[in-house]
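Coordinate analysis (summary)
The lines below spell out each chain.
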Amino acid sequence: MKTKCPKCNGIGSVVVDYKECEACGGTGFEDDSFDIGNHFKGVNSKARAKFDLGGEEDIPCEACNGKGQVEVYEECPHCHGTGQIDVCRDCGKSISDKHDLCAECEEKRKEEKKKYDDFEAKRRATRTVYELDSLCEMKDIDKDKLYKGKITRIERYGAFVTLNNNVWGLMRGEVGHYHVGDEIIVFITSIKSREGKIDLAAAHVEDYILKRLTKSIPRTLISKLEENKGRIVRIDGEVQQIQQTSGPTIFIISDESGTAEIAAFDKKAGERSYPEIELEDAVQVIGEVNEHGGKTQIESSSMIKLDEENTRKLHKLIDDALNKKAEPQHVDFLVKSDVLNRLKPKMREAAQKIRRAILDGRTIILRHHNDADGICSGVAMEKAIIPLIEKENPSNDAQYYYFKRSPSKAPFYELEDVVKDLSFALEDQERHGQKLPLIVLLDNGSTEEDIVALMQAKIYDIEVVVIDHHSPGELLTKDVQDGEIYGATVAVDEYVDTHVNPYLVGGDSQLTAGALATEVAHLINPNVKELIKHLPAVAALGDRAECGEVYQYLELAAEKGFGKEHLAKIAECVDFEAYFLRFMNGRGIMDTILAVDNLDKHEKMIDALYKEYQKRVDTQLKATLPNIKKTQLANGIYFNLIDVEKYAHKFTFPAPGKTCGFVHDKIIKELGEDKPIVTLGHGPDFGVFRATDAVNEQYGFNVNEIVSKMIERVPQAGIDGGGHECAGSIKYIEGLGDEVLYKVVEEIQLLSKK
């Protein structure tokens, strides 16, 4: 900024010396005198008398003003002759012409600007404003935070602001524009702990995020809640389920030690509490521990989401703890078996996934084939899983929420099954806030026929475990060690998370799904060993399996007092009852038949069912046996054909598949089990195969291979089917039934003895 030079007073030069005035010669007066009288003309005499007009006066020198000396000037060194200098705009200190402010004032202005910018940024930035929960006290707050409160009283000296029922303070100053009931954001100017007083001031915030501040109390593990009944506790965990009742909202929350039920009354009865909380969120809950319906429960005072860092830490903590807890115990198999030993890693993996699903609070949907083998598989798993669900989950109805067992009519997971399972799973997620389930397939799931249904399940990222003994088709890759297969992959593995099947380690279908599932159930819950150890024997007899493991399972059953004849009756009664149960699991009835519950009723149930079973089988055989077309083919195979559509009772037990099996058994008794016998029961659009092991061993007979060849030879017939090597089915278009059957017989005729 320009201003007048103080040294030269703005003239640009300064006096450096004095010299004699040349005009007056240093006298200070001019040479001519001044006659005063000559200048008083026209003045009256009285006035003139007052002055001495006769004398002469000296005239001062105009050049030096009578001083006799004149100043000697030089250019002002301060302003360099300009008469102006540059000064600081703020303090007036002289500065160079390149700047407007001095260094000190410029720094001061920068500091002031920074303070202003910081203030503006702070004012405009999104701030965090805290809302105290009902348990917070004065010691839980500090001066560095903003708080949301409500004005509850206004006086001439200020307004009283309530932050919660325990904390309030005085906001001093002009409060005339406020009203009682107004919500306001404040900051704390002072906390007088001894006096219990807080001074507040209004905070002007344009944008903010509201967070709930909870009482600072140490964390309690869910497993310790029982010891803290009647106390206020804090738990940190993951939301597993959210269920809205006509009263509170129920949150099921788990941590690394267990699962707890939280009753939240944040809203009115019947309204969703804490709507911002969703499934799988990491939350902090504070509330009082009490008991409801015989189960420990927390009545929440507050529930907040954890921040990103604490969420990550908690998820890792829970995940590590649950993985460790889900790891199955190291127990021996019920029998000695090389196949089971090679399958052990996969079986333990299946057990771990099922145990982890229980700990995660995921529903387990258990699907099994609707025959003796499949039902034994399902019941063994059910008896192992349900006690763990009830132990881990606080709900009295946990076993109905988190476990569903359903039979499948077909020996594969078909579209009808997956549509129902997905529909119920997605509906439960929407209505009850449940996580998507784990699907466990027993005695089905291994074949290419299962792939279409499994693809639908994987669209929703649903985890799938398969325990099956049906042939899975071609082994795509194999891990061979010392001539033994220790692992293999098949087509269905792309859609399955864990696949347990004896074929994947060089075994075959003689080791039944009932045996595999019972062994996995034993890994899941070793406490059920004595209860279920006879079920593999029932499954083996129901599936007519014969191998070294079967005889060991029969010995285990004998230890419980079940002879082979009685076990066979149990298997036949299971098949008989399953026909009438259709798509129901028949939990209580099947438990009685299989002697895993209601033992006092077991004998009566078997006697009653077996009599009716025999009666119906005899009635069916009387109709079918006279109408069997028997022939011995040129290659030596005994081939039997029966039209079960024309020569069997419809819509009653036994169904066509079972009828074919009974006819086949009758022929075996006549010819001998060592003979190569094939029986085909057919209807207008289906066929059912039964064959002896001899025809498989001597001729390489395999139902799956015949079905594959028929698909190639009669592509227009829409052929589908499969099963075991010696037992299975084929489906086709009714109009091409005769052609398909003709070519099936042709294929069997082409088989040659090894």
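Residues numbered from 1 in each chain as written. Predicted model: local features only at pLDDT ≥ 70, side-chain atom pairs only at ≥ 80, totals over all residues. Heavy atoms only, no water.

Some words on the pairing of strand S20 (residues 403-408)
Within S20, five of the six residues are buried, which leaves it mostly tucked inside the rest of the structure. Strand direction decides the pairing type here: strand S19 (residues 362-369) and S20, joined by six bridges, are parallel. From the neighbouring strand, His 369 faces S20, where its bridge partner is Ser 408. (Buried < 20%, exposed > 50% of the residue type's maximum accessible area, 1.4 Å probe, protein only. Helix = DSSP H or I, 4+ residues; strand = E, 2+ residues; numbered from the N terminus. Pairing = 2+ DSSP bridges.)

Regarding the state of the cysteines
This structure, assessed with the given rule, holds zero disulfides. We note that Cys 102 lacks a disulfide partner, and the nearest cysteine sulfur, in Cys 105, lies 3.4 Å from it. Its relative accessible area of 4% is what places Cys 102 among the buried residues. (Disulfide = S-S within 2.5 Å.)

So, the packing of helix H11 (residues 535-542) against helix H13 (residues 564-581)
The packing of two helices is summarised by the inter-axis angle and the distance between the axes. Close contact between H11 and H13 brings their axes to 8 Å; oriented N to C, the two are set at 70°. Here H13 runs roughly perpendicular to H11, going by the angle between their axes. Of H13, the residues touching H11 (which contributes Ala 537, Val 538, Leu 541 and Gly 542) are Lys 564, Leu 567, Ala 568, Ile 570 and Ala 571. A per-class count over the contact of H11 with H13 returns seven nonpolar, one polar and one charged. (Axes fitted to C-alpha atoms, helices over the stretch in contact; angles between N-to-C directions. Parallel < 35°, antiparallel > 145°, perpendicular 65-115°, else oblique. Contact = heavy atoms within 4.5 Å. Nonpolar A, V, L, I, M, F, W, Y, C, P; charged D, E, K, R; others polar.)

Regarding the sheet that holds strand S22 (residues 463-467)
The strand order across the open sheet built from five strands is S20-S19-S21-S22-S25, with neighbouring strands paired in parallel fashion. Two strands close off the open sheet at either side, each with one partner strand: S20 and strand S25 (498-500). Looking at each pair of strands side by side, their axes are set apart by 15° on average, direction ignored. Lying over the sheet, helix H5 (residues 372-392) contacts S19, S20, strand S21 (435-442) and S22, oriented at roughly 165° with respect to S19. Across the face of the sheet, helix H7 (residues 415-432) comes into contact with S19, S20 and S21 while running at roughly 165° to S19.

Some remarks on the pattern of salt bridges
Side chains that carry opposite charge are capable of pairing whenever their charged atoms lie near each other. Counting across every chain of the model gives 52 salt bridges. Put simply, Lys 215 and Glu 137 hold a salt bridge, and the shortest N to O gap is 3.5 Å. Residue Lys 215 is found in the loop between strand S13 (207-213) and strand S14 (232-244), and its partner Glu 137 is found in the loop between strand S7 (126-132) and strand S8 (146-155); the two are separated by 78 residues along the sequence. We classify Lys 215 as buried; its relative accessible area is 15%. A relative accessible area of 35% means that Glu 137 is categorised as partly exposed. Between Glu 226 and Lys 229 there is a salt bridge, with the nearest N and O atoms lying 3.0 Å from each other. When salt bridges with common partners are traced through the structure, they connect Asp 319, Lys 353, Arg 356, Asp 360, Arg 362 and Glu 463 into a single cluster. (Salt bridge = Lys/Arg side-chain N within 4 Å of Asp/Glu carboxyl O.)

Structural notes on unusual backbone geometry
The omega torsion across Phe 653 and Pro 654 is 0°, close enough to zero to call that bond cis. Phi angles above zero are rare outside glycine, and Asn 65 is one such case at about 60°. The topology assignment puts Asn 65 in the loop between strand S4 (56-60) and strand S5 (69-75).

As for the pairing of S8
For a regular strand, side chains alternate in direction, first toward one face of the sheet and then toward the other. In this sheet, S8 lies alongside S7 in parallel orientation, the contact comprising two bridges. Pairing of Val 129 across the sheet is with Leu 146, part of S8. Strand direction decides the pairing type here: S8 and strand S11 (residues 183-192), joined by five bridges, are antiparallel. The residue bridging Leu 146 from the neighbouring strand is Phe 187, located in S11. With five bridges connecting them, S8 and strand S9 (residues 158-162) associate as antiparallel partners. Bridged to Ile 154 within S9 is Ala 159.

Comments concerning the nonpolar core
With 96 residues, the main nonpolar core has Met 347, Ile 354, Met 381, Ile 385, Leu 567, Ile 570 and Leu 594 as its most contacted residues. Top element by residues in this core is H5. It accounts for eleven residues. Residues Val 678, Leu 680, Tyr 699 and Met 710 belong to the second largest nonpolar core, which totals 27 residues. (Core = buried A, V, L, I, M, F, W, Y, C linked by side-chain atoms within 4.5 Å.)

Quick notes on the packing of aromatic side chains
A ring pair, where both rings are aromatic, is described by two values, the distance of the centres and the angle of the planes. Applying the stated rule across the entire model yields twelve aromatic pairs. Ring geometry for Phe 251 against Tyr 274: centres 6.4 Å apart, planes inclined by 55°, an arrangement best described as tilted. A residue pair is termed long-range when its members are at least 10 positions apart, and Phe 251 in strand S15 (residues 249-254) and Tyr 274 in the loop between strand S16 (259-264) and strand S17 (282-292) qualify at 23 residues. Like Tyr 274, Phe 251 is buried. With a centroid separation of 6.0 Å and an interplanar angle of 70°, the aromatic rings of Tyr 613 and Phe 662 are classed as edge-to-face. One end of the pair, Tyr 613, is in helix H15 (residues 599-624); the other, Phe 662, is in helix H16 (residues 656-671), and 49 residues separate them in sequence. For the pair shown, Tyr 613 and Phe 662 are each scored as buried. Through a chain of ring-to-ring contacts, the aromatic side chains of Phe 576, Tyr 579, Phe 580, Tyr 610, Tyr 613, Phe 653 and Phe 662 assemble into a single cluster. Geometry around Phe 333 places Lys 344 over its ring, the cationic atom sitting 5.6 Å from the centre. (Phe/Tyr/Trp six-rings, centres within 6.5 Å; stacked < 30°, edge-to-face > 60°. Lys NZ or Arg CZ within 6 Å of the ring centre and 35° of its normal.)

Some points on a negative patch on the surface
A contiguous patch of negative charge, built from Glu 106, Glu 107, Glu 111 and Glu 112, is present on the exposed surface. Positionally, Glu 112 belongs in helix H2 (residues 103-124). (Patch = residues over 30% accessible without salt bridge, like charges linked within 9 Å, V, L, I, M, F, W, Y side chains within 5 Å. Areas by Shrake-Rupley, 256 points an atom, 1.4 Å probe, with all protein chains shown as cover. Lys, Arg positive; Asp, Glu negative; His and termini not counted. Charge placed at Lys NZ, Arg CZ, Asp CG, Glu CD.)

A word on a nonpolar patch on the surface
Taken together, the side chains of Ile 11, Val 15, Tyr 18 and Tyr 73 present a nonpolar region at the surface, about 420 Å² in accessible area. In this fold, Ile 11 is placed in the loop between strand S1 (2-4) and strand S2 (13-20). The class of Ile 11 is exposed, set by a relative accessible area of 55%.

A look at helix H18 (residues 703-713)
Buried residues of H18: Val 703, Asn 704, Ile 706, Val 707 and Met 710, and no others. Looking straight down H18, one finds that the buried residues subtend no more than 160° of arc, so they occupy a single side. On the buried face of H18, the contacting elements are strand S29 (686-691), strand S30 (720-723), strand S31 (727-731) and helix H19 (737-750). Here H18 starts with a cap whose side-chain oxygen sits 2.8 Å from the backbone nitrogen of Asn 704, and that cap is Asn 702. (Arc of directions from axis to C-beta. Polar contact = N/O pair within 3.5 Å; in protein donor to acceptor, adjacent residues only side chain to side chain.)

Some details on the side chain of Ser 446
Residue placement: Ser 446 occurs in the loop between S21 and helix H8 (451-459). By relative accessible area, which is 1% here, Ser 446 ends up buried. Within the structure, Ser 446 has its side chain in polar contact with the side chain of His 499 (distance 2.7 Å). Beyond its immediate stretch of four places on either side in the chain, Ser 446 contacts Val 466, Asp 468, His 470, Pro 472, Val 492, His 499 and Asn 501.

Structural notes on the environment of Gly 12
The topology assignment puts Gly 12 in the loop between S1 and S2. Since its relative accessible area comes to 6%, Gly 12 is described here as buried. Taking the C-alpha atoms as reference points, Gly 12 and Tyr 73, 61 residues apart in sequence, are found 9.7 Å from one another. Ignoring any residue separated from it by four or fewer positions in sequence, one finds Gly 12 in contact with Glu 75, Cys 76, Cys 79, Gly 81, Thr 82 and Gly 83.

What to know about the packing of H13 against H15
Relative orientation of the contacting elements H13 and H15 amounts to 70°, with a least axis distance of 9 Å. With respect to each other, H13 and H15 are oriented roughly perpendicular. Only His 602, Glu 603, Ile 606, Leu 609, Tyr 610, Glu 612, Tyr 613 and Arg 616 of H15 make contact with H13, whose side of the interface consists of His 566, Lys 569, Ile 570, Glu 572, Cys 573, Phe 576, Glu 577 and Phe 580. Class assignment for the residues of the contact of H13 with H15 results in eight nonpolar, two polar and six charged.

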